[in-house]
Amino acid sequence: LIGKTVVTDTKQHVGKVTDYAVDTQTFIVQKLYTEQSVLKSLIGGATAIDRSQIIEITNKKIIIRGPEERLYKPARASTAGVPAEAPA
């Protein structure tokens, strides 16, 4: 696993596997730890990926589920002393 390229299901490059955590009882990989190239790691750093995000592991790469869009938008503040409408 170490050294494999990790990409999202939308083909976004995440980095390469630098380490992983294994459950000692079941020997199942629980987490992958990735880092980007030296230049990109100055901006982003390392990433921990849970096993539930892994979609597929091939000989060349690991495909994971990308970050999901926000399900809820932030609430809007009331304007000039007029309270926001309450839900029905």
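Within every chain, residues take consecutive numbers counted from 1 along the sequence as written. Two thresholds apply to this predicted model, a pLDDT of at least 70 for residue-level local features and 80 or more for giving and counting side-chain atom pairs, whereas whole-chain, interface and lining totals are computed over all residues. Side-chain measures were taken over the full set of non-hydrogen atoms in the model, leaving aside hydrogen atoms and water.

Here we look at the pattern of salt bridges
- The salt bridge criterion pairs a side-chain nitrogen of Lys or Arg with a carboxyl oxygen of Asp or Glu, the two atoms within 4 Å. Following the criterion strictly, the structure yields one salt bridge and no others.
- Here D50 and K31 are joined by a salt bridge, their closest N and O atoms 3.5 Å apart. Here K31 lies in strand β3 (residues 29-35) and D50 lies in strand β4 (residues 47-50), a separation of 19 residues in the sequence.
- Take D50: its relative accessible area is 27%, and that puts it in the partly exposed class.
- Exposure classes here rest on a 1.4 Å probe applied to the protein chains alone. A residue is buried below 20% of its type maximum, exposed above 50%, and partly exposed in between. Owing to a relative accessible area of 30%, K31 belongs among the partly exposed residues under this scheme. Strands are runs of DSSP state E lasting at least 2 residues, helices are runs of H or I lasting at least 4, and numbering of each runs from the N terminus.

A short note on the side chain of K4
- Summarising the element assignment, K4 is placed in the segment before β1 (5-8).
- Only four residue types enter the charge count, namely Lys and Arg as positive and Asp and Glu as negative; His and the chain termini do not. Within the buried core, K4 has no salt-bridge partner, and the shortest N-O distance to an opposite charge, that of E56, equals 11 Å.
- Residues adjacent in sequence count toward polar contacts only when both atoms are side-chain atoms; beyond that, a polar contact is any pair of N or O atoms within 3.5 Å, and within protein one must be able to donate a hydrogen and the other to accept it. Polar contacts involving the side chain of K4 include one to the main-chain carbonyl oxygen of N59, which spans 2.7 Å.
- Excluding anything up to four places from it in sequence, K4 contacts G15, K16, V17, I57, T58, N59, K60 and I62. In this analysis, two residues are considered to be in contact whenever any of their non-hydrogen atoms come within 4.5 Å of each other.

Side note on the confidence of the model for the chain
- For every residue, the predictor states its confidence as a pLDDT score lying anywhere from 0 to 100. Predicted confidence across the chain gives a mean pLDDT of 78, with 66% of residues reaching 70 or more.
- Per-element mean pLDDT across the chain ranges from 57 in helix α1 (residues 38-41) up to 95 in strand β6 (residues 61-64).
- Scored below 50 in pLDDT, residues 69-79 shows two contacts in the model against residues more than four places distant or in partner chains.

Some details on the sheet that holds β4
- Here the rule is simple: two strands pair whenever DSSP picks up at least two bridges between them. Read across the sheet, six strands follow the order β4-β3-β2-β1-β6-β5 without closing on themselves; strand pairing throughout is mixed. Both edges of this open sheet fall to β4 and β5 (54-57), since each of them pairs with a single strand only. Across the sheet, the axes of successive neighbouring strands diverge by a mean angle of 35 degrees, strand direction being ignored.
- Pairing of β1 with strand β2 (residues 13-22) involves three bridges; the strand directions are antiparallel. Residue pairing across strands places T5 opposite K16, the latter belonging to β2. Axes here mean lines fitted to C-alpha atoms, for a helix over just the part in contact, with angles spanning 0 to 180 degrees between N-to-C directions.

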